[in-house]
Amino acid sequence: MQTHQIKVATEEETKQLAARLAVLLKPGDVLTLEGELGTGKTTFTKGIATGLGVKRHVSSPTFTIIKEYKGELPLYHMDVYRLENSEEDIGFDEYFNGNGICVVEWAQFIKEFLPEERLEIEIQYAGEEERIINFTAIGSHFEGLLEEL
């Protein structure tokens, strides 16, 4: 497991970092996003969407659980917070083994469904707008990806 930490000063820097990451992703990649409410999980996903060429407005899928976006690669944005204490499988394998990129907010609630290889991202407050973004690569593909980032 390889870890990497980046500090960003603004929301725009968060989006730019995520957009740079997006161009390194390949079909089937799974990113998990953890962090307190308001730390910027959806902001990070907006940057991923920009990097993938998604034209639609990206918003949190809190009430729908999964939102799908078309870009150079499909983007599957999941907010599984509402699945806490649930064993419901809503077809995660189809998404995780599909031809798109999966971004999963609150992934700790579906750990048993997550693929073995993934990029875990934790966003922490470091000030009013500043954030510390911790990346943990699980698997050689994501270790190489972090080196490029």
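Quick caveat, the model's predicted, so the values are computed rather than measured.

Digging into the nonpolar core
Part 1: Counting 29 residues, the largest nonpolar core has L21, F44, I48, L119, I121 and F135 as the members making the most contacts within it.
Part 2: Taken together, the elements giving at least two residues each to this core come down to β1 (2-8), α1 (11-22), β2 (30-34), α2 (41-51), β5 (101-105), β6 (118-125), β7 (131-138) and α4 (140-148).
Part 3: Examining the composition of this core, we find that 4 residues originate from one element, α1, more than from any other.
Part 4: Beyond its immediate sequence surroundings of up to four residues, F44 is in contact with T14, L17, A18, L21, L33, I121, I123, I133 and F135.
Part 5: Listed in part, the 17 residues of the second largest apolar core include F92, F96, V104 and W106.

Quick look at the packing of aromatic side chains
Part 1: Within the structure shown, the criterion is met by 3 aromatic pairs.
Part 2: Considering the side-chain rings of Y76 and Y95, the 4.9 Å spacing of their centres and the 75 degrees angle between planes classify their relative orientation as edge-to-face. Highlighted residues: Y76 in strand β4 (residues 75-79) and Y95 in helix α3 (residues 92-96), separated in sequence by 19 residues.
Part 3: The class for Y95 is buried, based on a relative accessible area of 18%.
Part 4: Aromatic pair W106 and F109: ring centres 6.4 Å apart, planes at 20 degrees, arrangement stacked.

Looking at the sheet that holds β6
What links the strands of a sheet is backbone hydrogen bonding, and the strands pair in either a parallel or an antiparallel sense.
Part 1: The mixed open sheet is built from 7 strands, whose spatial order is β1-β7-β6-β2-β5-β4-β3. For this open sheet the edge positions go to β1 and β3 (66-69), each flanked by a neighbour on one side alone. With strand direction ignored, the average angle separating the axes of adjacent strands in the sheet is 20 degrees.
Part 2: Sheet topology places β2 next to β6; 4 bridges connect them, and they run parallel. Bridging from a neighbouring strand, L31 pairs with L119 of β6.

The rules behind the values
Residues numbered from 1 in each chain as written. Predicted model: local features only at pLDDT ≥ 70, side-chain atom pairs only at ≥ 80, totals over all residues. Heavy atoms only, no water. Core = buried A, V, L, I, M, F, W, Y, C linked by side-chain atoms within 4.5 Å. Buried < 20%, exposed > 50% of the residue type's maximum accessible area, 1.4 Å probe, protein only. Helix = DSSP H or I, 4+ residues; strand = E, 2+ residues; numbered from the N terminus. Contact = heavy atoms within 4.5 Å. Phe/Tyr/Trp six-rings, centres within 6.5 Å; stacked < 30°, edge-to-face > 60°. Pairing = 2+ DSSP bridges. Axes fitted to C-alpha atoms, helices over the stretch in contact; angles between N-to-C directions.

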